[in-house]
Amino acid sequence: MLRTQTSAAARRPGRLILTGLAILVASFVVFGTVLVQQITERTVRDNLSGTPAVTDLVIGAVDVPPPTVADLRQIRAVPGVAEAVARVATGVSIGQGYLNLQADPGSGPLTTVRVIEGSYPDRPGEIAITPRTAERLGLSVGTTTSGTGGEVTSPAPLTVTGLVDAGRDAGYDAYAPDSAVIGWARLTAVERVDVRVAPGTATDAVRQRVTAAVAGQPIRSGAEVRDAEANAAAQQVGKLFILVGVFVSIAVVAAALVVTSTFRIVFAQRMRQLALLRAVGAGRGTLVGALTAEGALTGLVAGVVGVASALTLGYALPAILRATGYQVSSPGLPLAAAVTVVIGAVVLTVLAVLAPAFSAARVSPLEALRTASTTTAGRRGIGVLRLIVGLILAVGAVLAAVATVSQLPKPDQANYDASRPLLLLVASGALAFFGLVALGPLLVRPVLAVVGWPLRQLGPLGRMSVGGIGGAPRRAAAVSVVVALGVTLISGVVIGGASLQILADREMALSAPTDFEVTGNVGPLPPAVVTRAQAARGALARVVPYRMVGDATLLRGADKLGDVESGYATSDLDLAALPSTGALDVAQGSLADRGPGRIVLTSWVARDAGLRAGDSVTLAVATGRIDVRVAAVLPGDGPLHASILADPADLDRIGVPAAYSGLLADAAGSGEDGRTAGVRALRQAIGGSDGVGLAVLADERDRNDSLVRTLVWIAVGLVGLTVLIAVVGVGSTTALSVVERVRESGLLRAIGLSRTGLRTMLTVESGLYGVIGATIGLVLGVPYAWLAVQTLGIEAPLTAPLLPLAGLFVALVGLTALAGVLPARRASRVSPVVALGADT
């Protein structure tokens, strides 16, 4: 019996691969993940160390007192030391911005920069800068500016002698030799010293001499430091792949469900053959063993093919990328992981085949007397035990969700621990999914009645397509549940990402409401700076000056409200003039009510002072006081970290000086060119004014937006693995369904259905798997996503991005329909005569 079944499977390798296609894809994904992790870690180790490869010794560490300048001189005097370079950085405040001045030799084996214009500095007071720094600060080769930094407290001259390529360019990077940095900043210590040993000299001998010269300083080899730097970066990669592993595990579960459904269809198609075996004496146990062995063979072949495919691509892709100029390392040969994946594929397939095998083994020998094969896939009901289990799971999911809601943070709750409600939410989601697996066949027909109604109105083809799905609800449920899982996860990511983006926009509207900010570092802005900035309309779209006082208090009668001793930061910033005002949210009241005699508070000030929207209070500074009413309360921090927003007329009445503390401005043009033009215009407005700083807030906003987009796309890619498995399941189910229904297809052709009509009907059936799954997935995904956002306690608003969700629905339906195109073409090519004579 075992030999008969396995040899029959081996004679039809196409069906064998088709049956285990989901396992093949899962094996490819799992082993591919192992290879991608190796590629990433090796690339990080090979390319992301900040220590040059020729560094033999490194003196100094972050957890001990740093080497002194005297230590540096002693190290350079040690015999066998070919080069000793100090690594140190110091912040430099210049008239219109900030520089990060870093020590680098500029040439030789230990340099990390390359001169691309001009010459490298060779004396104190000279610097080389990166191209973006030159654009942002309006500096060029030969320009002289002045700044303070290190131990320099009064402005000292700095001359730009060249531009350098440093591999990364943050827009504020400057470089000079260590002697120039130390001399200009008057430093007495450095961060560390990199040493290159003279050729032909033993490194250990030099290490001993350096140890004697600078006793007490830790000395490590360059290889140790590079490994430590690479390991720190690789550790972050490892943490990321732990998260990847979670999503891969979900995809593997989806593959198991698809394979279970596939085997159920295959065994149903062979019901007459199995009945004949029972008639000639095969016992149920023997039949189960034979079918399980067939599943193990399927898992073995699928696992080997999946691992081999992943290994081929894992070695080919880095080679292709290196040929195009990317520094990507190749993976190793993780044989243990490969064997584990193959064994896992076999075990998973055996577990998946058990339920269909036991079901098929219950076939009666009398089934062999039927004139055609029969299938249990069309059974519409489920057993009593399965119904009870499904209802218990569904009730458990609801109760866990209710418990999650009860644990959500209350308004103004100070200490909130999200761990318990998150665990309850995950438990609720897991129970809901397994409940859906159990009750799926009962849900298919009601869902199909709703989503299939438009198709039924289109004519006979539409009605036959809907009838084909409704006639086999167990099969439809098995595939649609996997699609629903993928849609639930992706819709959760889309909704969570949209909520996170709104939260990020709100935070940026507070901390970076415009592209630029100009502030007086030691006093108010000179009036001429504001006037010149407002006149630069060609480069600046808007200029919004503001005042800020730091000692405002809130009074009720003679009593001071709140526990803050120094007072609250209060600003008269005009929110209506800022484009980002629409991104702000309010906890109480309305921002539109702000005006003379009405103020806006942040939530912590409202809690500290015991105030709510609509309350009356007295706003006081050293020069006066005024009675005001609270118009609104912000849920978090205030714009530019102001605690109170007051009307300009109110600040005038209490004697706040008219001089502005700073101004906000937006670039008139878009992109980097528009931003650079705005920086230059503001720099010209600042002119030679002392103590005036310029900050490019748009850079922070861009980094934040890029981070959010990257996180969302990574999450979509990870949960997309489940969707990939679901699409594979739809394709294999449709292909096997075509084989099962070959006589039905022949009959339809014989009574006049064209090849195009048959192809259309089967393709629409495949698409309906996606429609059912996507509908159920959205029904589950949207509320669970909203609940997850609330559970995190990050005060993100609940949102439903309709266009992305609609696009997700259409894309899933399109993919599942596309998965049925090839099986439909195959079915349409079969002659009606041949089809009617077939006995599957």
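For the structure itself, consult the block above.
Here is what the cut-offs are and how they apply
Residues numbered from 1 in each chain as written. Predicted model: local features only at pLDDT ≥ 70, side-chain atom pairs only at ≥ 80, totals over all residues. Heavy atoms only, no water. Helix = DSSP H or I, 4+ residues; strand = E, 2+ residues; numbered from the N terminus. Contact = heavy atoms within 4.5 Å. Areas by Shrake-Rupley, 256 points an atom, 1.4 Å probe, with all protein chains shown as cover. Lys, Arg positive; Asp, Glu negative; His and termini not counted. Charge placed at Lys NZ, Arg CZ, Asp CG, Glu CD. Pairing = 2+ DSSP bridges. Axes fitted to C-alpha atoms, helices over the stretch in contact; angles between N-to-C directions. Salt bridge = Lys/Arg side-chain N within 4 Å of Asp/Glu carboxyl O. Buried < 20%, exposed > 50% of the residue type's maximum accessible area, 1.4 Å probe, protein only. Parallel < 35°, antiparallel > 145°, perpendicular 65-115°, else oblique. Left-handed = near helix turned anticlockwise from the far one by under 90°. Nonpolar A, V, L, I, M, F, W, Y, C, P; charged D, E, K, R; others polar. Arc of directions from axis to C-beta. Expected span 1.5 Å × (residues − 1).

A. Representation of the overall build of the protein chain in the model. From N to C terminus, the protein chain includes 26 helices and 23 strands. With the C-alpha coordinates of the protein chain rotated into their principal frame, the extents come out at 105 × 80 × 45 Å. Restricting to contacts in the protein chain with at least 6 residues of sequence separation, those with at least 24 account for 83%. Per element, the accessible surface of the protein chain, about 37,000 Å² overall, is 62% carbon and sulfur. Within the protein chain, one finds 68 positive and 58 negative side-chain charges whose respective centroids are separated by 19 Å.

B. Spotlight on the sheet that holds strand E11 (residues 219–221). Sheet architecture is open: four strands sit in the order E2-E10-E1-E11, paired in antiparallel fashion. Pairing within the sheet leaves two strands with one partner each, and these edge strands are strand E2 (81–87) and E11. Pairwise comparison of adjacent strand axes, ignoring direction, gives a mean angle of 25° for this sheet. In this structure, E2 lies alongside strand E10 (residues 192–197), joined through six bridges in antiparallel fashion. Each bridged residue has a counterpart across the sheet, and for Arg87 the counterpart in E10 is Arg192. Relative to the sheet, helix H4 (residues 69–76) contacts strand E1 (57–59), E2 and E10, its axis offset from that of E2 by approximately 165°.

C. Focus on the sheet that holds strand E22 (residues 662–667). As summarised here, the arrangement of the four strands in space is E13-E22-E12-E23, forming an open sheet in which the pairing is antiparallel. Looking at the sheet topology across the chains shown, the edges are occupied by strand E13 (540–546) and strand E23 (692–696). Neighbour-to-neighbour, the strand axes of this sheet turn through a mean angle of 20°, independent of strand direction. Inspection of the sheet shows E13 paired to E22 by six bridges, in the antiparallel sense. Residue pairing in the sheet places Pro545 in a bridge with Leu663 of E22. Contacts from helix H17 (residues 527–535) reach strand E12 (516–520), E13 and E22, with the element oriented near 155° to E13.

D. Representation of the pattern of salt bridges in the model. For the coordinates displayed, the defined rule picks out 13 salt bridges. With a shortest N-O distance of 2.9 Å, Arg547 and Asp652 are connected by a salt bridge. With Arg547 in the loop between E13 and strand E14 (548–556) and Asp652 in helix H19 (residues 648–653), the pair connects residues that are 105 residues apart, well separated along the chain. Arg547 gets classed as buried once you look at its relative accessible area, which sits at 5%. Salt bridges sharing common partners tie together Arg87, Asp104, Arg192 and Asp194.

E. Fine view of the packing of helix H12 (residues 384–406) against helix H13 (residues 419–451). At a minimum axis distance of 7 Å, the contact between H12 and H13 shows a crossing angle of 155°. In terms of orientation, H12 and H13 fall into the roughly antiparallel class. Where H12 crosses over H13, the handedness of that crossing is left-handed. Taken together, the residues of the contact of H12 with H13 sort by class into 18 nonpolar, five polar and one charged.

F. Geometry of H17. Among the residues making up H17, those that are buried are Val529, Val530 and Ala533. One side of H17 carries all its buried residues, which in axial view fall inside an arc of 95°. The exposed set on the far side of H17, more than 90 degrees from its buried face, consists of Pro527, Thr531 and Ala535. Summarising the contacts, the buried residues of H17 are in contact with E12, E13, E22 and helix H20 (671–686).

G. Representation of helix H16 (residues 473–511) in the model. Taking 1.5 Å as the rise per residue, H16 with 39 residues should run 57 Å; its terminal C-alpha atoms sit 54 Å apart, in good agreement. Among the 39 residues that make up H16, 30 are buried, leaving the element largely enclosed by the rest of the structure.

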